[in-house]
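# Observations on the three-dimensional arrangement
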Amino acid sequence: MISSDDVKKMAKLARVELDAKEERDLARDLESVVGYIDKLKEVNISGIEDASHVFHVNDFREDLPPKEIFDFAPLLDLAPEKERGFIKVKKILDK
Amino acid sequence: MTRINLSELTVKGAREMLHKGDISARELVSIYQEEIKSKNKTLNAYLEVFDDAFQKAEEADERIKSGQEPRVLEGVPVAIKDNILIKGKICSAGSRMLENYASSYDAHVVQKLKEAGAIFLGRANMDEFAMGSSTENSAYGATKNPYDESRVPGGSSGGSAVAVASNMALASLGSDTGGSIRQPAGFCGVVGLKPTYGAVSRSGLIAMASSLDQIGPITKTVDDAELIFNVIKGKDAKDSTSVDPAHLAVAPPSGGRAAKLKIGVPKEFFTEGVDKDVLEVVNRAIETFKGLGHEVKEVSLPHSPYALAVYYIIVPAEVSANLARFEGIRYGLHKHAKNLLSEYVETRAAGFGKEVRRRIILGTHVLSSGYYDAYYGRASKVRVLIKKDFEKAFGEVDLMVAPVSPKPAFKIGEKVDDPLSMYLEDIFLVPINLAGVPALSLPYGQVQREGKNLPVGIQLIAPWFGENILFEAGRILEAHR
């Protein structure tokens with residue numbers, strides 16, 4: 001059973017703000033989706049090794065020197081707030 | 001100006017006309033711009049029409065006039081899904097989060113299309129961050145189906161499919177994570193290719209679920225899909241999962257016009273509530289193959305009924321990680337607040353739409369401590385079993401035939417409040433992405449709903465890097481419609 005409080009907790013972890021109505025709606029939606037995905041419990045998975053990397057022949061690569069040097073100016077241009085060539089952020093801790 | 005029948009015009013045909021000088025690239029671009037002007041207000045396939053297309057067409061005309069050998073797609077006008085970067089252009093992924101985001105580089109596929117001489121008409125509407133099966137989740141309004149404007153065009157590449165289906169582009173690019181090219185192609189009566197995972201570089205594609213995302217063409221004919229696939233495919237240093245098929249341990253399977261094909265009918269795809277008249281269209285395609293002397297046999301993909309459940313664990317998990325980058329600090333929407341944490345939270349609340357928030361929360365849930373093994377761990381293992389099913393089936397047959405969708409295009413608004421019923425739209429599509437194999441959706445008939453004729457697509461599925469088999473088999477069906 002997924003409650004509004006569970007959704008609130010997950011929203012906090014995911015850095016998303018939801019209003020009370022959406023917390024309730026999402027709890028209901030997730031309940032139905034989680035109910036559906038629970039059918040995976042029927043599948044016998046014994047003997048299948050950890051599988052998160054079996055799909056790609058080349059997920060891992062050697063650390064080689066970069067072949068291309070990027071100009072950071074156009075990337076910096078995209079930042080909403082900047083100062084003297086740096087991206088500006090708010091302080092992390094409140095006093 | 002040369003009179004041309006746009007509905008009959010293909011990339012291949014336009015190329016010949018352009019090369020022979022029967023039409024100029026400028027004429028072609030202005031014909032399409034006129035079509036967009038008259039239709040896009042209703043259909044909402046384009047989010048933006050580029051004002052430099054005409055200038056690019058002039059450059060193409062200059063090249064042709066100066067006697068230079070025309071490039072493969074010289075002067076061919078195409079639409080690009082709004083999650084594929086074109087340097088200097090806005091790329092919003094259908095989201096408020098990236099409303100003003102101007103791409104700082106070209107996606108690999110865009111660079112390839114530019115090198116081949118293609119002209120970009122504009123960016124095509126889509127479900128926000130490619131999450132959806134109807135294009136209703138776009139922050140910029142739904143796209144309409146040209147066969148019945150009260151119905152959805154499918155999604156997430158709805159704008160790309162509608163642009164081609166309604167003659168607002170000769171071809172387009174879409175992306176397919178769980179059917180987002182094939183389903184809208186099916187709903188709009190055009191051809192859509194989901195290439196093998198790794199066949200096309202994902203560099204410059206805004207990521208949804210990185211282990212599944214793949215860029216592919218939407219066109220009017222199989223020949224055109226092949227033409228564009230051949231331009232965009234290949235190994236790219238900026239996507240470590242992209243592959244040069246020539247360097248695979250196992251050689252890619254070969255097609256062949258003369259060869260009799262062994263065609264598999266996966267029985268699990270013919271039981272799950274497919275509409276009777278849709279099923280008749282699929283069966284007619286199977287009969288066509290049989291009638292031409294190809295061998296048809298039943299095969300089994302026993303774990304495919306679990307594919308959608310696997311998909312809705314793996315996708316939200318990858319979504320919650322991939323979309324963590326949108327925090328309002330480096331690019332995109334930025335909300336001012338009292339401290340850094342509040343800025344993150346408020347930016348993400350304002351920038352993400354409902355379905356995106358839903359998937360981020362679901363992904364956070366399935367990855368959270370205590371649930372990881374039960375959900376993500378188990379789903380990854382079932383995914384292995386799904387892939388093994390395909391390996392076994394392709395030991396017996398050259399390709400498989402299946403429906404694209406269980407029903408034709410549904411009504412706008414019909415499923416927006418019921419995420420699970422929207423997810424079930426993709427039941428025949430997601431097993432293909434999970435296994436990583438290529439599949440082609442092509443129109444093969446129509447069914448009637450409320451007095452309107454709606455297209456029905458056939459799905460052809462080939463082994464890894466067997467796109468050539470899809471093109472051969474697709475041409476057979478095209479010739480015997």
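The shown structure was predicted, so the numbers you read here are calculated from the model rather than taken from an experiment.

Mapped onto the secondary structure, T271 of chain B falls in the loop between β7 (262-266) and α8 (276-291). Each C-alpha atom, one on T271 of chain B and one on P406 of chain B, is 9.9 Å from the other, the two residues being 135 residues apart in sequence.

Turning to the sheet that holds β7 of chain B, a few remarks are in order. Strands belonging to one sheet form pairs held by backbone hydrogen bonds; the direction of such a pair is parallel or antiparallel. Residue and element names in this part refer to chain B. The strand order β1-β3-β2-β4-β6-β5-β10-β11-β9-β7-β8 describes an open sheet built from 11 strands, whose pairing is mixed. If you trace the sheet from one side to the other, it starts and ends with β1 (46-49) and β8 (295-299), each paired once. Direction aside, the axes of adjacent strands within the sheet are offset by 30° on average. Examined bridge by bridge, β1 and strand β3 (residues 119-124) share 3 bridges and lie antiparallel to one another. Directly across from Y46, in β3, lies its bridge partner A124. Relative to β7, helix α12 (residues 373-396) is tilted by about 140°, and along the sheet it contacts β7, β8 and β9 (399-403).

Further remarks concern the interface of chain A and chain B. Where interface size is given, it is often the accessible area lost as the parts come together that is meant. Each partner contributes to the interface: chain A provides 41 residues, whereas chain B provides 46 residues. For the side of chain A that touches chain B, the elements supplying multiple residues, two or more each, are α1 (4-13), α2 (20-37) and α3 (73-77) of chain A. Grouping the amino acids of the side of chain A that touches chain B by side-chain chemistry returns 27 nonpolar, 4 polar and 10 charged.

Attention now goes to the domain arrangement of chain B. All names here are of chain B. Along its sequence, chain B is organised into domain 1 (1-301 + 389-481) and domain 2 (310-373). In this structure, domain 1 and domain 2 have C-alpha centres spaced 29 Å apart. With 24 residues of domain 1 in contact, the opposing surface of domain 2 contributes 21 residues. Among the residues forming the side of domain 1 that touches domain 2, the class breakdown is 14 nonpolar, 7 polar and 3 charged.

Moving on, we come to the nonpolar core. All names here are of chain B. Counting 171 residues, the largest nonpolar core has V78, I119, V310, I313 and L399 as the members making the most contacts within it. With 11 residues, helix α9 (residues 307-322) is the single largest residue contributor to this core. Mapped onto the domain boundaries, this core takes at least three residues apiece from domain 1 (1-301 + 389-481) and domain 2 (310-373). Setting aside anything within four residues of it in sequence, one finds V78 in contact with L113, A118, I119, F120, L121, A169, L170, A171 and S172.

Another aspect to go through is the packing of α2 of chain A against α9 of chain B. It is the contact of α2 of chain A with α9 of chain B, at a shortest axis distance of 8 Å, that shows an interaxial angle of 125°. The angle between the axes of α2 of chain A and α9 of chain B places the two elements in the oblique class. For the pair formed by α2 of chain A and α9 of chain B, the contact residues are V33, Y36 and I37 of chain A on the first element and A309, Y312 and I313 of chain B on the second.

The α-helix advances 3.6 residues per turn, and as a result positions three or four apart in sequence lie on the same side. All names here are of chain B. Where helix α1 (residues 11-20) is concerned, the buried positions are V11, A14, R15 and L18. Within α1, the buried residues cover an arc of 105° as seen down the axis, which keeps them to one side. Among the exposed residues of α1, those pointing more than 90 degrees away from its buried face are E16 and K20. In the core, the buried residues of α1 are packed alongside α2 (25-43), α3 (53-65), β4 (171-175), β6 (215-219) and α7 (222-232). Where α1 terminates, the next one or two residues include G21, which has phi positive at roughly 85°.

What counts and how
The numbers attached to residues start from 1 for each chain and follow its sequence in the written order. Chain letters and ligand numbers both follow the written order, the letters beginning at A and the numbers at 1. For this predicted model, a pLDDT threshold of at least 70 governs which residues receive local features, and a threshold of 80 or more governs which side-chain atom pairs are given and counted, while totals over whole chains, interfaces and linings are taken from all residues. Working definition: helices are DSSP H or I runs of at least four residues, strands are E runs of at least two. Numbering for both runs from the N terminus. Strand pairing is assigned whenever DSSP detects at least two bridges linking the two strands. Helix axes use the C-alpha atoms of the stretch in contact, all axes being lines fitted to C-alpha atoms, and the angles between their N-to-C directions lie in the range 0 to 180 degrees. Each residue is represented by a C-beta atom placed from its backbone, and any two residues with such atoms within 7 Å are regarded as in contact. Residues are grouped as follows: nonpolar covers Ala, Val, Leu, Ile, Met, Phe, Trp, Tyr, Cys and Pro; charged covers Asp, Glu, Lys and Arg; every other residue, Gly included, is treated as polar. Throughout the structure description, domain borders are defined by an automatic or database domain assignment. As used here, a nonpolar core is made of buried Ala, Val, Leu, Ile, Met, Phe, Trp, Tyr and Cys residues. They are joined through C-beta atoms within 7 Å. To assign burial, the other C-beta atoms lying within 10 Å of each residue's own C-beta are counted, with C-beta atoms placed from the backbone; 20 or more indicates buried, 12 or fewer indicates exposed, and intermediate counts indicate partly exposed. Orientation is classified from the angle alone, with under 35 degrees giving roughly parallel, over 145 giving roughly antiparallel, 65 to 115 giving roughly perpendicular, and any other angle giving oblique. Directions are taken from the helix axis to each C-beta atom, and the arc is the one they span.

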